[in-house]
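For reference, the chains in residue letters:
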Amino acid sequence: MQKKKTIKKNTKKRVPVKNSAPKNPGRRYELIGIAFLTLGIISLCGLWGLNVGFVGFYFAKVLSYLFGIGAHITALLVMLIGLQYILKHHGLVYSKRFFGLVILYISILAVWHHFVVAPGAEILPDSLPGGGGLLGGGLLLLLRRFFGVDGGIIVLGAGIVGSVLLSTTWSLAEGDAEDKKARGNRIGRSKGNNGDRL
């Protein structure tokens, strides 16, 4: 007679695996948002001349030299980015609209720089804070090298129109067609009114 082989079952208790994922995944975005919001507030206070220490003055100086008169707007934008992280739990969305608004902002800084800074002084340190900053002045210098003083402002104007079209749903062709349709309706109504009078 053969003996039956017995197989021992593994009777070890299973240890529950702890989930390593955080309980609140939005907390990371909220912390990033608080950092952006704090940076924006400190920069804005530094731009206003409030006592925010050497770090705040350093941020304010960097913004002032990079963006010129647009430094205040840039600090507000940093704060808005922070609020987006906190409230919507996501960062910037890099879309056509985003890049259109960035091009529009830099083009407006360059146009301002064109009118307040003399040719040849586009990127001199003294002209940056009162003008369009290093971004606006650098773009203007580049355009003036290739297109001259008058051609540079024409290219900037075209850039502003193009960036508005890129960041919105507007179309120049649709606007022209709507204008013609509206003019046709006005002419038709005025003819109808004249016929009623006769």
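Above this text sits the structure in question.
This section reports on the structure supplied with the text. (Residues numbered from 1 in each chain as written. Predicted model: local features only at pLDDT ≥ 70, side-chain atom pairs only at ≥ 80, totals over all residues. Heavy atoms only, no water.)

This paragraph deals with the overall build of the chain. Per the secondary structure count, the chain includes 6 helices and 0 strands. Across the chain, helices and strands are ordered from the amino to the carboxyl terminus as α-α-α-α-α-α. The contacts in the chain between residues at least 6 apart in sequence include a share of 62% that link residues at least 24 apart. Total accessible area on the chain stands at roughly 14,900 Å², and carbon and sulfur atoms take up 65% of it. (Helix = DSSP H or I, 4+ residues; strand = E, 2+ residues; numbered from the N terminus. Contact = heavy atoms within 4.5 Å. Areas by Shrake-Rupley, 256 points an atom, 1.4 Å probe, with all protein chains shown as cover.)

Packing of helix α1 (residues 27-47) against helix α3 (residues 71-88) leaves a shortest axis separation of 7 Å and a crossing angle of 160°. Taken together, α1 and α3 sit at an angle that is classed as roughly antiparallel. As for how α1 packs across α3, the hand of that crossing is left-handed. The residue inventory of the contact of α1 with α3, partitioned by class, reads 18 nonpolar, 5 polar and 1 charged. (Axes fitted to C-alpha atoms, helices over the stretch in contact; angles between N-to-C directions. Parallel < 35°, antiparallel > 145°, perpendicular 65-115°, else oblique. Left-handed = near helix turned anticlockwise from the far one by under 90°. Nonpolar A, V, L, I, M, F, W, Y, C, P; charged D, E, K, R; others polar.)

All told, the structure shown has 7 aromatic pairs when counted by the stated rule. Look at Phe-67 and Tyr-105: their rings are 6.2 Å apart centre to centre, the planes differ by 35°, and that puts the pair in the tilted class. Highlighted residues: Phe-67 in helix α2 (residues 53-67) and Tyr-105 in helix α4 (residues 96-116), separated in sequence by 38 residues. One cation-aromatic arrangement involves Arg-28 over Tyr-29; the distance from NZ or CZ to the ring centre is 5.1 Å. (Phe/Tyr/Trp six-rings, centres within 6.5 Å; stacked < 30°, edge-to-face > 60°. Lys NZ or Arg CZ within 6 Å of the ring centre and 35° of its normal.)

In this structure, Leu-44, Leu-63, Phe-67, Ala-71, Ala-75, Met-79, Tyr-105 and Leu-109 together form the largest nonpolar core, which totals 8 residues. Secondary structure elements with two or more residues in this core: α2, α3 and α4. Counting residues per element, this core draws most heavily on α3, which supplies 3 residues. Look past the residues within four positions of Leu-109 in its chain and what remains in contact with it is Phe-67, Gly-70, Gly-132 and Gly-136. Counting 5 residues, the second-largest nonpolar core is a separate cluster that includes Ala-110, Val-111, Leu-143 and Leu-156. (Core = buried A, V, L, I, M, F, W, Y, C linked by side-chain atoms within 4.5 Å. Buried < 20%, exposed > 50% of the residue type's maximum accessible area, 1.4 Å probe, protein only.)

Attention shifts here to the pattern of salt bridges. All told, the structure shown has 1 salt bridge when counted by the stated rule. In this structure, Arg-144 engages Glu-122 in a salt bridge whose closest nitrogen and oxygen atoms are separated by 2.7 Å. Of the two residues, Arg-144 is situated in helix α5 (residues 133-167) and Glu-122 in the loop between α4 and α5; the sequence distance between them amounts to 22 residues. Just as Arg-144 is buried, Glu-122 falls in that class too. (Salt bridge = Lys/Arg side-chain N within 4 Å of Asp/Glu carboxyl O.)

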